[in-house]
Structure formats: C-alpha cells, structure tokens
Amino acid sequence: MSNPCLFCRIASGEVPAKKLHEDDEVVAFWDISPQAPTHFLVIPKKHLSGPGAILSEDEALIGKVVRIGAQLARENGAEHCRLVLNNGAEAGQTVFHLHLHVLAGRAMSWPPG
Ligand code: AMP
Ligand code: ZN
C-alpha cells in the first residue's frame, strides 16, 4: 500500500510537483495554491508530522530546510521573504508532514491572520 502522506509521496516522486530543488534529504516545490507571487514549500524527505515532532537528532536537517528556503528565495529574486512553519490544525496546518512555507513578492502584514 502506498504511503498515505501526501508530502512523503511528493518527496518520493509518486505524486508530481513542480520542484525547485531536490537533494538526498530535502525537496522544495511550488505551492499548488500560492498566497504570494513567490510561494514554495521546503520539506525534509524524512517524515516528521510537524515542528512539534522535531527531535534533537533532526536539528541539522531542519536548519538545512531553513537555509535552503532562504537561499532559493534569493535565487528566485526575493532577498526578503517570510518563512512560516504552521504547527497544528489551529495554527493553520493542513498537511501533517513538516513544511516550511517561503512567501515573497508582496508586502507582508503583521500579525499574520
Ligand atoms: P499548511 O496549511 O501549512 O499545512 O500548508 C499546506 C500547503 O500545502 C498549502 O499551502 C497547500 O496549498 C499546499 N499543498 C497542498 N497540496 C499540495 C500539492 N499537491 N502540491 C503543492 N502544494 C500543495
Ligand atoms: Zn510524510
């Protein structure tokens, strides 16, 4: 039976996505429903249900997710960007595989809705 996690399936290539980056640990792909002119997601290939599931052994991996997010934003013309990790349904998380949102290309308001 295939993995029920959508982002695990994107990471493995089973579900297609428009990828900007892929290496042995991390994948970045354009969000299917962009909320800004630039909006992509960066995920670890390792399944973690969200920020609350990060273990100390994952710290380097999550640091890499953030580094690649900022680097890809820069490479796509966005020096300034918002990096978002939703943690839990009430915080807006709908896909329970950790993902970093990278949003750029418009003015951002604060606090987020
Ligand atoms: P969150 O609400 O933080 O869990 O974010 C989930 C994000 O995944 C949303 O911004 C969705 O638009 C995005 N998304 C859902 N399915 C796909 C998909 N198949 N390909 C790309 N992005 C997706
Ligand atoms: Zn997963």
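Up top is the structure these notes are about.
These remarks concern the structure in this document.

About the criteria used
- Residues numbered from 1 in each chain as written.
- Chains lettered and ligands numbered in written order.
- Predicted model: local features only at pLDDT ≥ 70, side-chain atom pairs only at ≥ 80, totals over all residues.
- Heavy atoms only, no water.
- Near = heavy atom within 4 Å.
- Polar contact = N/O pair within 3.5 Å; in protein donor to acceptor, adjacent residues only side chain to side chain.
- Areas by Shrake-Rupley, 256 points an atom, 1.4 Å probe, with all protein chains shown as cover.
- Helix = DSSP H or I, 4+ residues; strand = E, 2+ residues; numbered from the N terminus.
- Expected span 1.5 Å × (residues − 1).
- Buried < 20%, exposed > 50% of the residue type's maximum accessible area, 1.4 Å probe, protein only.
- Arc of directions from axis to C-beta.
- Contact = heavy atoms within 4.5 Å.
- Donors = N, O, S within 2.8 Å, 3.2 Å for Na, K, Ca; no water.
- Tetrahedral: all angles 85-135°; square planar, octahedral: opposite > 155°, others 65-115°.
- Phe/Tyr/Trp six-rings, centres within 6.5 Å; stacked < 30°, edge-to-face > 60°.

### As for the site of ligand 1
The environment of ligand 1 is made up of 16 residues, and the closest members are Asp31, Gly92, Thr94, His99 and His101. The side chain of histidine 99 places a nitrogen or oxygen atom 2.8 Å from an oxygen atom of ligand 1. Look at ligand 1: alone it shows 500 Å² of surface, and the protein chains cover 83% of it. With three residues, the top contributor of residues to the shell around ligand 1 is helix 1 (residues 6-12).

### Looking at helix 2 (residues 59-75)
Here helix 2 is 17 residues long and its end C-alpha atoms lie 24 Å apart, about the 24 Å a rise of 1.5 Å per residue gives. If you check which residues of helix 2 are buried, you get Leu61, Ile62, Lys64, Val65, Ile68, Gly69, Leu72 and Ala73. Down the axis of helix 2, the buried set is contained in an arc of 165°. They therefore lie on one face. The exposed residues of helix 2 that point more than 90 degrees off its buried face are Glu59 and Ala60. Elements in contact with the buried residues of helix 2: strand 1 (19-22), strand 2 (26-30), strand 3 (38-44) and strand 5 (100-104). One or two residues past the end of helix 2 sits glycine 77, with phi positive at roughly 85°.

### Overview of the coordination of the zinc ion (ligand 2)
Cys5 (SG), Cys8 (SG), His47 (ND1) and His97 (ND1) make up the full set of protein donors to the zinc ion (ligand 2), lying at 2.0 to 2.3 Å. Angles of 106 to 117° at the metal separate the four donor atoms of the zinc ion (ligand 2), which places the site in the tetrahedral class. Written as a sequence motif, the donor arrangement for the zinc ion (ligand 2) is C-x2-C-x38-H-x49-H. Cysteine 5 gets classed as buried once you look at its relative accessible area, which sits at 12%.

### Re the packing of aromatic side chains
A complete count under the given rule lists two aromatic pairs for this structure. Measuring from centroid to centroid gives 5.3 Å for phenylalanine 7 and phenylalanine 29, while their planes differ by 80°, and the two rings are edge-to-face. With phenylalanine 7 in helix 1 and phenylalanine 29 in strand 2, the pair connects residues that are 22 residues apart, well separated along the chain. Phenylalanine 29 carries the same exposure label as phenylalanine 7, and that label is buried. Look at tryptophan 30 and phenylalanine 40: their rings are 5.5 Å apart centre to centre, the planes differ by 80°, and that puts the pair in the edge-to-face class. Of the two residues, tryptophan 30 sits in strand 2 while phenylalanine 40 sits in strand 3, which places them 10 residues apart along the sequence. Given a relative accessible area of 29%, tryptophan 30 falls into the partly exposed group.

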